[in-house]
Amino acid sequence: MSTRTFEFRLCSSHGAADPASDELLVEFHADSGDWQAQHPSLSTPGFRLYLLSLLLCQHFYLVANAQERAIPLQRVEGTFTVITSSDWILEQVNGHFRLTLDPGAPAEELARADDVAIAFISRRMKLCPVSRNLPAAVEKAISLELAEA
């Protein structure tokens, strides 16, 4: 049985003035091989909207929980791959997110992004309601790492 693969990448910028997100770019890997910026509208295919909601829910939970822990984010980069059966049934969701901390933040703030905090954020990301509503048969793998300084 053949499968379909959907690939996305995400990049968000964060600053001291607005730690939520100063800027967010989500791109979709089109059949043409090009990465296309996503600007959801009424003409966006419904299944793509669903996949975007899955990706953005993960990102929201990551950023919100980093804020809760007062971790000074500068940037979040992510890749997201979804594999479906030929008839569009989800089979596998793989996401990888990388956090870059604000190098201008005080050392005590940077130290908050320890292994315990990263594990906490990763666990909390699994509580995203869109992810929680995926069927149990869907293989899910979401990883989170701190970029090297």
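Residues numbered from 1 in each chain as written. Predicted model: local features only at pLDDT ≥ 70, side-chain atom pairs only at ≥ 80, totals over all residues. Heavy atoms only, no water.

**Q** Teacher, can you tell me more about unusual backbone geometry here?
**A** Look at Ala-70: it is not a glycine, yet its phi comes out positive at around 55°. Along the polypeptide, Ala-70 turns up in the loop between helix 1 (46–68) and strand 4 (73–85). (Helix = DSSP H or I, 4+ residues; strand = E, 2+ residues; numbered from the N terminus.)

**Q** Help me understand the packing of aromatic side chains, please; the structure alone is not making it clear to me.
**A** Two numbers describe a pair of aromatic rings. These are the distance of the centres and the angle of the planes. Applying the stated criterion across every chain, the model contains six aromatic pairs. When the centroid spacing of 5.2 Å and the interplanar angle of 80° are considered together, the rings of Phe-47 and Trp-88 count as edge-to-face. Residue Phe-47 is located in helix 1, and its partner Trp-88 is located in the loop between strand 4 and strand 5 (90–101); the two are separated by 41 residues in the primary sequence. Following the ring pairs from residue to residue traces out a cluster consisting of Phe-6, Phe-47, Tyr-50 and Trp-88. Lying over the aromatic face of Phe-28, Arg-48 brings its terminal NZ or CZ to 3.9 Å of the ring centre. Directly above the aromatic system of Phe-120 lies the positively charged group of Arg-69, at a separation of 3.8 Å from the ring centroid. (Phe/Tyr/Trp six-rings, centres within 6.5 Å; stacked < 30°, edge-to-face > 60°. Lys NZ or Arg CZ within 6 Å of the ring centre and 35° of its normal.)

**Q** Mind showing me how you'd approach the state of the cysteines here?
**A** Covalent bonding between the sulfur atoms of two cysteines is what defines a disulfide. All told, the structure shown has one disulfide when counted by the stated rule. Here Cys-57 connects covalently by a disulfide to Cys-128, the sulfurs 2.1 Å from one another. On the sign convention where negative means left-handed, the S-S torsion of about 135° between Cys-57 and Cys-128 marks this disulfide as right-handed. One end of the pair, Cys-57, is in helix 1; the other, Cys-128, is in the loop between helix 3 (115–125) and helix 4 (129–132), with 71 residues separating them in the sequence. Of the two residues, Cys-57 and Cys-128, neither departs from the other in class, the shared state being buried. Note on Cys-11: no disulfide assigned, nearest cysteine sulfur contributed by Cys-57 at a separation of 19 Å. Relative accessible area serves as the criterion here: at 18%, Cys-11 is assigned to the buried category. (Disulfide = S-S within 2.5 Å. Buried < 20%, exposed > 50% of the residue type's maximum accessible area, 1.4 Å probe, protein only.)

**Q** Can you help me understand the pattern of salt bridges in this one?
**A** Should their charged atoms come close, side chains of opposite charge can pair. Going through the model one piece at a time under the given rule, you end up with four salt bridges. Arg-124 is the salt-bridge partner of Glu-68, the closest N and O atoms lying 3.4 Å from each other. Here Glu-68, found in helix 1, pairs with Arg-124, found in helix 3; they are 56 residues apart in sequence, far enough to count as distant. Given the relative accessible area of 27%, Arg-124 is considered partly exposed. (Salt bridge = Lys/Arg side-chain N within 4 Å of Asp/Glu carboxyl O.)

Fair warning: the whole summary comes from geometry, so function is off the table for now.
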